[in-house]
Amino acid sequence: MIPVHSSDICSQGSIIIRKCLVRLIGMNRACDCTECFIDGRGEISQTRRPLRDNEVGEWILLDGTPATCTNIALHNLFPGQIDLVISGPNYGRNTSSAFSLSSGTIGAALSACLSLTRSIALSFGTFHHPSPAEYIPPAIELSVSIIEKLWNGWGKDPNGIRNGEVDLYNVNLPMVAQLLEKPGLEVAWTQIWRNNYGSLFKEKKFDNHAEDIGKAGPDAPPPSLTSESNTPPVHSDDNGLVFQFSPQIQQLVNPDITTLPYGTDAWAIHQSKASVTPLRSAFAEPGLESFCLITENLEGHQLAMGRIFAL
């Protein structure tokens, strides 16, 4: 069973999960075409019941963060029944450290990994607003092919927390015209582009008038990089001090491609390649050379974990 976290779960997410079930476990189906499985229509019930004839599965919708939903699915709804968690597809890239560390999509995959379950985060990087509808079917097909390849040949990591294998994968597909061409997008192994960001908020005077709330966030570029975000303030006090989410991410969304390090996820999607990035469920740690201050004169063999930090 493969739970999918998606803002569009009744269309793209449901198609991906069905195609994965068909390819990975050979689930019988009457039809596997996009048109017959795109709207996700079905009976809505407030309580669980057995599947009826011609029903292919049960969707359980939870009101919570992606990581919360993953943990509940793994430990409360379907304990011991889930082999793979696919988080996505997210509409918006989750490349580079600036986006990835803010990503709920990757957060759900990390939640699964920490519960010792294989997981893949999947994102569609938007380069046109909106992305043409004809890009979606080939993006779905490529996503399923990548997921199938990863599942059947899951990589090794001696320091992985689950039987010495890779903890999780982060997959990004650029939504570009090359999806429509033959043979389609190339797929590259990548590492995360280690970048940074600046101001994410701006000060705004307190306003009691109702506003339309935007949904832009660090892991999904807003529709207009120059327009002001109307997301709710993150802090307000009696003096009327308000900070509004208004990220300055132009250099992250449209970087100078000549500065992108070869082999990184950002480099890949800006070269119209899909990226596959193996990850660990841990903050990155430097090598043993970091176990020493510049005021200490130690040889390599003297550096080791557990060495006393002398005050």
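Look above for the structure.
Every value quoted in this text rests on a predicted model; they were computed, and no experiment measured them. (Residues numbered from 1 in each chain as written. Predicted model: local features only at pLDDT ≥ 70, side-chain atom pairs only at ≥ 80, totals over all residues. Heavy atoms only, no water.)

K.L.:
Looking at this structure, I do not really get the overall build of the protein. What am I missing?
P.N.:
The helix and strand tally for the protein stands at 7 helices and 8 strands. In the structure as shown, the protein presents an accessible area of about 18400 Å², 54% of it carried by carbon and sulfur atoms. (Helix = DSSP H or I, 4+ residues; strand = E, 2+ residues; numbered from the N terminus. Areas by Shrake-Rupley, 256 points an atom, 1.4 Å probe, with all protein chains shown as cover.)

K.L.:
Hey, could you run me through the pattern of salt bridges in this one?
P.N.:
Oppositely charged side chains can pair when the atoms bearing their charge come close. Enumeration over the complete set of coordinates arrives at 4 salt bridges. Between Glu165 and Arg118 there is a salt bridge whose closest N-O contact spans 3.0 Å. Taken together, the residues Glu165 in the loop between helix H5 (136-152) and strand E4 (168-175) and Arg118 in strand E3 (residues 118-126) connect sequence positions 47 residues apart. Here the two residues Glu165 and Arg118 agree in accessibility, since each one is buried. Between Glu186 and Lys273 there is a salt bridge whose closest N-O contact spans 2.5 Å. Here Glu186 is found in strand E5 (residues 186-189), whereas its partner Lys273 is found in strand E8 (residues 273-279), with 87 residues between them in sequence. A relative accessible area of 18% means that Lys273 is categorised as buried. (Salt bridge = Lys/Arg side-chain N within 4 Å of Asp/Glu carboxyl O. Buried < 20%, exposed > 50% of the residue type's maximum accessible area, 1.4 Å probe, protein only.)

K.L.:
Quick question: what am I supposed to make of helix H4 (residues 104-114) here?
P.N.:
Each turn of an α-helix holds 3.6 residues, which means side chains three or four residues apart point in the same direction. Residues of H4 that are buried: Thr105, Ile106, Ala108, Ala109, Ser111, Ala112 and Cys113. Where H4 begins, the side chain of Ser103 points an oxygen toward the backbone nitrogen of Thr105, at a separation of 3.1 Å. After H4 finishes, the residue Leu116 shows a positive phi value of roughly 60 degrees. (Polar contact = N/O pair within 3.5 Å; in protein donor to acceptor, adjacent residues only side chain to side chain.)

K.L.:
Which parts of the structure should I look at to understand the packing of aromatic side chains?
P.N.:
Any pair of aromatic rings gets described here by the distance separating the centres and the angle formed by the planes. Considering all chains together, one arrives at 5 aromatic pairs under this definition. For the pair Trp154 and Tyr169, a centre-to-centre distance of 4.8 Å together with 75 degrees between the ring planes defines the contact as edge-to-face. Highlighted residues: Trp154 in the loop between H5 and E4 and Tyr169 in strand E4, separated in sequence by 15 residues. The residues Trp154 and Tyr169 share a single accessibility class, namely buried. On the basis of an interplanar angle of 50 degrees and a centroid distance of 6.3 Å, the ring pair of Tyr169 and Trp189 is categorised as tilted. (Phe/Tyr/Trp six-rings, centres within 6.5 Å; stacked < 30°, edge-to-face > 60°.)

K.L.:
Whenever I open this one, a nonpolar patch on the surface confuses me. Can you help?
P.N.:
A contiguous nonpolar surface patch, about 300 Å² in accessible area, is contributed by Leu114, Leu116 and Ile161. Among the structural elements, Ile161 can be located in the loop between H5 and E4. (Patch = residues over 30% accessible without salt bridge, like charges linked within 9 Å, V, L, I, M, F, W, Y side chains within 5 Å.)

K.L.:
Got a minute to help me understand unusual backbone geometry in this structure?
P.N.:
Phi is mostly negative for residues that are not glycine, and the peptide bonds are mostly trans. Put simply, His129 and Pro130 share a cis peptide bond, and its omega is -5 degrees. Mapped onto the elements, Pro130 comes out in the loop between E3 and H5. The backbone phi angle of Leu116 is positive, close to 60 degrees, even though this residue is not glycine. As for its placement among the helices and strands, Leu116 is situated in the loop between H4 and E3. One non-glycine residue, Ser272, adopts positive backbone phi at about 60 degrees. Turning to its location among the elements, Ser272 is positioned in the loop between helix H7 (265-270) and E8.

K.L.:
Looking at this model, I keep getting lost on the packing of helix H2 (residues 66-77) against H4. Mind explaining?
P.N.:
Packed helices, taken two at a time, are described by the angle their axes make and the gap between the axes. With their axes 7 Å apart at the nearest point, H2 and H4 run at an angle of 30 degrees to one another. With respect to H4, the element H2 is oriented roughly parallel. H4 is crossed by H2, and the crossing has right-handed handedness. For the pair H2 and H4, contact is made by Pro66, Ala67, Thr70, Asn71 and Leu74 and by Gly104, Gly107, Ala108, Ser111 and Ala112, respectively. The residue inventory of the contact of H2 with H4, partitioned by class, reads 5 nonpolar, 5 polar and no charged. (Axes fitted to C-alpha atoms, helices over the stretch in contact; angles between N-to-C directions. Parallel < 35°, antiparallel > 145°, perpendicular 65-115°, else oblique. Left-handed = near helix turned anticlockwise from the far one by under 90°. Contact = heavy atoms within 4.5 Å. Nonpolar A, V, L, I, M, F, W, Y, C, P; charged D, E, K, R; others polar.)

K.L.:
For this particular structure, what's the right way to read H2?
P.N.:
When we look at burial in H2, the residues that qualify are Cys69, Thr70, Ala73 and Leu74. One side of H2 carries all its buried residues, which in axial view fall inside an arc of 125 degrees. (Arc of directions from axis to C-beta.)

K.L.:
Can you help me understand the nonpolar core in this one?
P.N.:
One broad rule of soluble globular proteins: the nonpolar side chains tend to lie buried together. One finds Ile120, Ile146, Leu150, Val171 and Leu173 to be the most contacted residues of the largest nonpolar core, which totals 25 residues. Elements supplying a minimum of two residues to this core: strand E2 (84-91), E3, H5, E4 and E8. Non-local contacts of Ile120, meaning those with residues more than four positions away in its chain, are made with Leu84, Val85, Ile86, Ser87, Ala109, Ile147, Leu150, Trp154, Tyr169 and Val171. (Core = buried A, V, L, I, M, F, W, Y, C linked by side-chain atoms within 4.5 Å.)

K.L.:
Would you take a moment to explain the side chain of Arg118 for this structure?
P.N.:
Classification of Arg118 by relative accessible area gives buried; the value is 18%. Polar contacts involving the side chain of Arg118 include one to the main-chain carbonyl oxygen of Trp151, which spans 3.2 Å. A distance of 3.0 Å separates a polar atom in the side chain of Arg118 from a polar atom in the side chain of Glu165. Leave out the neighbours within four places in its chain, and Arg118 touches Asp83, Leu84, Val85, Trp151, Trp154, Arg162 and Glu165.

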